[in-house]
Amino acid sequence: MPINIATAFYDAMFGTTDSAHSMSEVEKTALANVREILNSPKLLSKNIPPLPATLLRLLETLKDPGSDFIEIAEIIEQDPALATEVLRVSNSAHIHRGDGEICSLRKAVSLLGVAGVSSIASTIMVEKIRPAKPIYYKMFGRQIWLHSLHCAYLCKILALKYDENEFDAYFLGLIHDIGKIIIFNCLCEAFRSEFPDGTPGSRMYKELMSEMSLDITSFIAREWQLPEVYCLALEQLRGKREIRLSQILYRANVISEAYMLLDKKLVTTQQIEDLIKRLSFDQESWQQFLEVAPQLNASVD
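Computed from a predicted structure; not experimentally measured.

## Observations concerning the overall build of the chain
In step 1: Counting its secondary structure elements, the chain contains 15 helices and zero strands.
In step 2: Counting across all 301 residues of the chain, residues that qualify as buried make up 52%.
In step 3: Considering only intrachain contacts with a sequence separation of at least 6, the fraction spanning at least 24 residues in the chain is 74%.
In step 4: By element, 52% of the accessible surface of the chain is carried by carbon and sulfur atoms, the whole surface being about 14,300 Å².

Put into C-alpha cells, the structure is as follows:
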C-alpha cells in the first residue's frame, strides 16, 4: 500500500488508524478557529510571528552578489546567540583544523563560507518563531520544528544535486510549515477550552488542515516580504510545480514526512523504498539523510 502523501504529517502526529468518519467536536472547533483566522487578513496578520530583523537583513545581504564576508559578519555581530553559534561551528573539529581558537567572526565567516553561515543563521533565526508556550511546544511544536529541520536538510541535498542555490532551498525547507504553527495553536486552544480528551483522527480533518497550512504559509511569506522566488515556490506546492525550487521543496517535504512515519513504525521500510524510487531520490542521498537525522533529532531535545 502506498503512503498517503496528503495526510502523512498528521498521520505521524495522530496515528494512521483513522477512517472516513465525520469530524469530532475537537476537530470542528479547531477547524472553525483556523477558518476564522484564514478568512480575516487582519486577524491572520495578528497571528503571524514576526521574522527577526537580523534575518531579514541577512537575507537581503546574501541575495546581493556584491556583498562580502565583512558585511555578513557585521550583521551577525548584532545577534549574540547567532554570533556564538557561528564561532562554535567554525571551531568544531571537522571545520577548523588549524592551531588556536577562532575568535574573529570575519575569520569564522570566511572559513564557513556563505552557504555554511546561511544555514546556521536561518536555523537559529527561524527557531525563534516556533511555538513559545510550553504546552504548544510539547504537544506539537517540537515535531513541527524537527520536521522542518529534516525537510531543510533534504532540500539542501536536492539543491546541490540539481545545481540550485542551497541556501534558498534550505531556507524554504525551514519555513514551509510555518502555517502549521497557527493551526496547532488553534488546536491547542480547542483541547484546552472545551475538549481536553479528544484526539484529531478523521481523514477529512487531516486533509483540510494540510491544505489550509499551505495557504497560511503562502500568506505569511507575502507578509514577511520574502523574495518573490520563495513566495512562488511555496504557492506552487498547491498546484503545478513549475519552478525548480518548488519541485525540490515538494520532494523533500514528502520524504521527510515519510521519515516521520517510518520513525514511529507506522510504515514499512519497503513502503519508504517504493516512495523514494517514485520520487527519483537516490539511495546514496537517502542514506546520507539517515546518518544525519539522529543528530538533527538530538539538536531539538
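## Notes on the packing of aromatic side chains
In step 1: Enumeration according to the criterion identifies five aromatic pairs in this entry.
In step 2: Residues Trp 286 and Phe 289 carry aromatic rings whose centres are separated by 5.7 Å and whose planes lie at 35° to one another, so their mutual orientation is tilted. Residue Trp 286 and its partner Phe 289 are located together in helix α15 (residues 283-299), separated by three residues, close to a single helical turn.
In step 3: An aromatic cluster is present here, built from Phe 167, Phe 171 and Tyr 230 joined pairwise through their rings.
In step 4: Positioned above the aromatic ring of Phe 9 is the side chain of Lys 180, whose terminal nitrogen or guanidinium carbon lies 4.6 Å from the ring centre.

## A word on the confidence of the model for the chain
Low-pLDDT portions of the prediction should not be read for the details of their coordinates.
In step 1: Summary statistics for the chain give a mean pLDDT of 81 and a share of 87% for residues scoring 70 or more.
In step 2: Ranking the elements of the chain by mean pLDDT puts helix α10 (residues 178-193) last, at 74, and helix α12 (residues 228-235) first, at 94.

## Remarks on the packing of helix α4 (residues 53-63) against helix α9 (residues 166-175)
In step 1: At a minimum axis separation of 11 Å, α4 and α9 run at an interaxial angle of 155°. Taken together, α4 and α9 sit at an angle that is classed as roughly antiparallel. Relative to α9, α4 is oriented so that their crossing is left-handed. From α4, Leu 55, Leu 59, Leu 62 and Lys 63 reach across to α9, where they touch Phe 167, Asp 168 and Phe 171.
In step 2: By residue class, the composition of the contact of α4 with α9 is five nonpolar, no polar and two charged.

## Describing the packing of α4 against helix α7 (residues 105-127)
In step 1: Put simply, α4 and α7 touch, their axes get as near as 10 Å, and they point 155° apart. As summarised for this structure, α4 and α7 are arranged roughly antiparallel, according to the angle between their axes. Of the two possible hands of crossing, α4 and α7 adopt the one that is left-handed. Across from Thr 54, Leu 55, Leu 58 and Leu 62 in α4, the residues of α7 making contact are Val 114, Ser 118, Ala 121, Ser 122, Met 125 and Val 126.
In step 2: Classifying every residue of the contact of α4 with α7 by side-chain character gives seven nonpolar, three polar and no charged.

## Concerning the state of the cysteines
In step 1: The tally for this structure, following the rule as stated, stands at zero disulfides.
In step 2: Its sulfur unpaired, Cys 151 is 4.1 Å from the next cysteine sulfur, which belongs to Cys 155.
In step 3: Residue Cys 155 is classed as buried on the basis of its relative accessible area, which comes to 1%.

## With respect to the nonpolar core
In step 1: Within the largest apolar cluster, 103 residues are counted, with the highest numbers of intra-cluster contacts made by Ile 76, Phe 171, Phe 184, Trp 224 and Leu 226.
In step 2: Considering each element in turn, this core owes the most residues, 13 residues, to helix α8 (residues 134-161).
In step 3: Not counting chain neighbours up to four residues away, the residues in contact with Trp 224 comprise Ile 48, Pro 49, Pro 50, Leu 51, Leu 56, Ile 129, Ile 175 and Ile 178.

## Some points on the environment of Asn 185
In step 1: If you trace the backbone, Asn 185 turns up in helix α10.
In step 2: Linking Asn 185 and Asn 47, residues 138 residues apart in sequence, is a C-alpha distance of 9.6 Å.

## Some thoughts on α15
In step 1: Spanning 17 residues, α15 covers 25 Å between terminal C-alpha atoms, matching the ideal 24 Å at 1.5 Å per step.
In step 2: At Val 292, α15 shows its maximal bend, which comes to roughly 35°, and the proline Pro 294 appears one to four places after that position.
In step 3: For α15, the full list of buried residues reads Ser 285, Trp 286, Phe 289, Val 292, Ala 293, Leu 296 and Asn 297.
In step 4: The opening residue of α15, the one whose side-chain oxygen lies 3.3 Å from the backbone nitrogen of Glu 284, is Asp 282.

## So, the pattern of salt bridges
In step 1: With the rule as written, the count across this model stands at seven salt bridges.
In step 2: The salt bridge involving Arg 88 is made with Glu 85; its shortest N-O contact spans 2.7 Å. Residue Arg 88 and its partner Glu 85 are located together in helix α6 (residues 80-90), separated by three residues, close to a single helical turn.
In step 3: Between Asp 177 and Lys 180 there is a salt bridge, with the nearest N and O atoms lying 2.8 Å from each other.
In step 4: Assessed through its relative accessible area of 4%, Asp 177 is described here as buried.
In step 5: Overall, the relative accessible area of 4% leaves Lys 180 in the buried class.

The rules we used
- Residues numbered from 1 in each chain as written.
- Predicted model: local features only at pLDDT ≥ 70, side-chain atom pairs only at ≥ 80, totals over all residues.
- Heavy atoms only, no water.
- Helix = DSSP H or I, 4+ residues; strand = E, 2+ residues; numbered from the N terminus.
- Buried < 20%, exposed > 50% of the residue type's maximum accessible area, 1.4 Å probe, protein only.
- Contact = heavy atoms within 4.5 Å.
- Areas by Shrake-Rupley, 256 points an atom, 1.4 Å probe, with all protein chains shown as cover.
- Phe/Tyr/Trp six-rings, centres within 6.5 Å; stacked < 30°, edge-to-face > 60°.
- Lys NZ or Arg CZ within 6 Å of the ring centre and 35° of its normal.
- pLDDT = per-residue confidence, 0-100.
- Axes fitted to C-alpha atoms, helices over the stretch in contact; angles between N-to-C directions.
- Parallel < 35°, antiparallel > 145°, perpendicular 65-115°, else oblique.
- Left-handed = near helix turned anticlockwise from the far one by under 90°.
- Nonpolar A, V, L, I, M, F, W, Y, C, P; charged D, E, K, R; others polar.
- Disulfide = S-S within 2.5 Å.
- Core = buried A, V, L, I, M, F, W, Y, C linked by side-chain atoms within 4.5 Å.
- Expected span 1.5 Å × (residues − 1).
- Bend = angle between axes of the 7 residues up to and from the residue.
- Polar contact = N/O pair within 3.5 Å; in protein donor to acceptor, adjacent residues only side chain to side chain.
- Salt bridge = Lys/Arg side-chain N within 4 Å of Asp/Glu carboxyl O.

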